[in-house]
Amino acid sequence: MLLEDNVLRSDWVVACKREDVKEEPLQVTILGERVVLFRNEEGIHAFKDLCIHRGAALSLGCVKDGNLVCPYHGWEYNSAGTCTKIPQLPEGRAIPLKAKAIKYTCKEAYGFVWINLNNNNPKFFSYPEYRDDNFRNVLWGPQEVNANPPRIVENFLDVSHLSFIHEGFLGVQEHPVIGDYDVHMEEDRIFSDEIAIFQPDPDGTGQSKDVFYTYEVIRPLTVRFTKRDPDTENKMTILLTILPIAECKSIAYGILSFNYETGTTDQEIVEFQDMIFAQDKPIVENQKPEDLPLDLQVELSLKCDRMSIAYRQYLTKLGVTLGTV
Ligand code: FES
Ligand code: CO
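Bear in mind that the values here come from a model prediction, so they are computed numbers and not experimental data. (Residues numbered from 1 in each chain as written. Chains lettered and ligands numbered in written order. Predicted model: local features only at pLDDT ≥ 70, side-chain atom pairs only at ≥ 80, totals over all residues. Heavy atoms only, no water.)

## Brief notes about the packing of aromatic side chains
Under the defined criterion, the tally for this structure stands at 18 aromatic pairs. Ring geometry for phenylalanine 156 versus phenylalanine 225: centroids 5.1 Å apart, planes at 25 degrees, classification stacked. Taken as a pair, phenylalanine 156 in helix H2 (residues 149-157) and phenylalanine 225 in strand E16 (residues 222-228) lie far apart in primary sequence, 69 residues in all. Seen in terms of ring centroids, phenylalanine 169 and phenylalanine 272 are 6.2 Å apart; in terms of plane orientation they differ by 65 degrees. Their pairing is edge-to-face. Placement of the pair is phenylalanine 169 in the loop between helix H3 (162-165) and strand E12 (183-186) and phenylalanine 272 in helix H4 (residues 266-285), with a sequence separation of 103 residues. (Phe/Tyr/Trp six-rings, centres within 6.5 Å; stacked < 30°, edge-to-face > 60°. Helix = DSSP H or I, 4+ residues; strand = E, 2+ residues; numbered from the N terminus.)

Spelled out as structure tokens, the structure:
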């Protein structure tokens, strides 16, 4: 099962937006585990949301002088997770060495906070658009979804649903056929050729035409595509990354990156993406089996599903066992 697996715990998983971590501690559930995030002068820190004294949730406490204070009896923990104060201890008594919070590695990148539960500090993925001055980046999410995280990822990589689920926006039913494409696998990334997709109005001029999508799997729960307009060289990239809360509970986040002037505000961009996502949501929330089947015999794939198949193969290779196989 996904939740028992070490693959995601050994990876960087998105926790929240960077701006969500303010003065007050914040609780985030990652792979069924409650994590508390807090900010002090040194930056953002992540602990298991559990006080070793009586198991209170540290996220119900507060930050005082840079220390996280447990709400129940006021024990204080510094950035390293070491307990620096136990109010009930008589004068002169040493704080027990075991009085520690369990600390997780976390980092701020691309506008989000990422957590590495196993503290193995793996290599972080690259998203060049975020650091490129030619791109405008808009953060998207959180969007809660009652679905298995890889089902949501696969929906994002699903090339042939655009003309149905997103009819009139990202495709038209008269053009359901997907051009031939290959998928290429490199060491730890897989990506498609450019795929021609007919869209009713890709650039807002009212003119329907083919645009080109390139899909890429970066991490088990982090994927992207770039849409290129062949006439203008306008590019839009969307990075999708999923916070896996539980087997069938996820939060989707994203970054939308544009190398051109969209003529819309950040809020309008987010609202459009919300609307598109709302079209996908009932599909992924009702797919059976809930877990993405990695056995390629379980569902019936077409040639145009090659990107989805490649994602399943990638997960299999990573050793993620997702249940119904
Ligand atoms: Fe945290 Fe007692 S439970 S101080
Ligand atoms: Co969709």
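Okay, back to it.
## Here we look at the packing of H2 against H4
In the contact formed by H2 and H4, the axes pass within 10 Å of each other and the chain directions differ by 130 degrees. Classed by the angle they form, the pair H2 and H4 counts as oblique. Here H2 runs over H4; the crossing is right-handed. The residues of H4 that touch H2, namely those facing Arg151, Ile152 and Asn155, are Phe277, Asp280 and Val284. Among the residues making up the contact of H2 with H4, the classes are represented as three nonpolar, one polar and two charged. (Axes fitted to C-alpha atoms, helices over the stretch in contact; angles between N-to-C directions. Parallel < 35°, antiparallel > 145°, perpendicular 65-115°, else oblique. Left-handed = near helix turned anticlockwise from the far one by under 90°. Contact = heavy atoms within 4.5 Å. Nonpolar A, V, L, I, M, F, W, Y, C, P; charged D, E, K, R; others polar.)

## Section: the pattern of salt bridges
Two side chains with opposite charge may pair up if their charged atoms get near one another. Summed over the entire model, instances satisfying the criterion amount to 21 salt bridges. For the salt bridge of arginine 224 with glutamate 129, the shortest nitrogen-to-oxygen distance reads 2.5 Å. Here arginine 224 is found in strand E16, whereas its partner glutamate 129 is found in the loop between strand E10 (112-116) and strand E11 (136-145), with 95 residues between them in sequence. Glutamate 129 shares its class with arginine 224; the two are buried. Across the salt bridge formed by aspartate 231 and lysine 209, the nearest N and O atoms sit 2.9 Å from each other. With aspartate 231 in the loop between E16 and strand E17 (235-246) and lysine 209 in strand E15 (residues 209-219), this residue pair connects regions lying 22 residues apart in the sequence. Each of Arg151, Glu154, Glu299 and Arg312 takes part in one network of salt bridges that share partners. (Salt bridge = Lys/Arg side-chain N within 4 Å of Asp/Glu carboxyl O. Buried < 20%, exposed > 50% of the residue type's maximum accessible area, 1.4 Å probe, protein only.)

## Some thoughts on the coordination of the cobalt ion (ligand 2)
Within the protein, the cobalt ion (ligand 2) binds to His161 (NE2), His166 (NE2), Asp280 (OD) and Asp280 (OD); these donor distances fall in the range 2.0 to 2.3 Å. Donor residues for the cobalt ion (ligand 2) sit on one chain with the sequence pattern H-x4-H-x113-D. Taken as a pair, histidine 161 in the loop between H2 and H3 and aspartate 280 in helix H4 lie far apart in primary sequence, 119 residues in all. (Donors = N, O, S within 2.8 Å, 3.2 Å for Na, K, Ca; no water.)

## Here we look at the sheet that holds strand E9 (residues 103-109)
Picture the strands of a sheet paired through backbone hydrogen bonds; they go either parallel or antiparallel. If you walk across this open sheet you meet the six strands as E1-E10-E9-E4-E3-E2, and the pairing is antiparallel. Edge positions in the sheet fall to strand E1 (13-17) and strand E2 (26-30), since each of these pairs with one other strand and no more. Direction aside, the axes of adjacent strands within the sheet are offset by 35 degrees on average. By the bridge criterion, two bridges tie strand E4 (residues 43-48) to E9 in an arrangement that is antiparallel. Counterpart to phenylalanine 47 in the pairing with E9 is lysine 103. (Pairing = 2+ DSSP bridges.)

## Topic: the UniProt feature "domain: Rieske" (unreviewed entry) in the chain
The UniProt feature table records "domain: Rieske" (unreviewed entry) at residues 12-115. Annotated as 0% helix and 44% strand, the span residues 12-115 places its first and last C-alpha atoms 5 Å apart. (UniProt positions renumbered as here; feature names shortened; annotations may be inferred.)

## Here's the deal with the sheet that holds strand E6 (residues 67-69)
A sheet is described by the order of its strands in space; here four strands give the open sequence E5-E6-E7-E8, paired in antiparallel fashion. With one partner strand each, in any of the chains shown, strand E5 (62-64) and strand E8 (83-85) form the two edges of the open sheet. Direction of pairing for E6 relative to strand E7 (residues 76-77): antiparallel, over a ladder of two bridges. Across the sheet, the residue bridging to leucine 68 is tyrosine 77, located in E7.

## Thoughts on the side chain of glutamate 129
Look at glutamate 129 and you get buried, because its relative accessible area is 9%. For glutamate 129, the side chain forms a polar contact with the side chain of arginine 224, separated by 2.5 Å. Once you skip the residues sitting within four places of it in the chain, glutamate 129 turns out to touch Phe135, Asn137, Arg224, Thr226, Thr237 and Ser257. (Polar contact = N/O pair within 3.5 Å; in protein donor to acceptor, adjacent residues only side chain to side chain.)

## Points about the environment of lysine 209
For lysine 209, a relative accessible area of 13% translates into the label buried. Here aspartate 203 takes part through its side chain, which lies 3.4 Å from a polar atom of the side chain of lysine 209. At a separation of 2.9 Å, a polar atom in the side chain of lysine 209 contacts the side chain of aspartate 229.

## Here's the deal with the packing of H2 against helix H5 (residues 306-318)
Between H2 and H5, whose axes approach to 9 Å, the crossing angle comes to 145 degrees. In terms of crossing hand, the pair formed by H2 and H5 is right-handed. Facing H2, whose interface residues are Pro150, Arg151, Val153, Glu154 and Leu157, H5 presents Met307, Ser308, Tyr311, Arg312 and Leu315. Among the residues making up the contact of H2 with H5, the classes are represented as six nonpolar, one polar and three charged.

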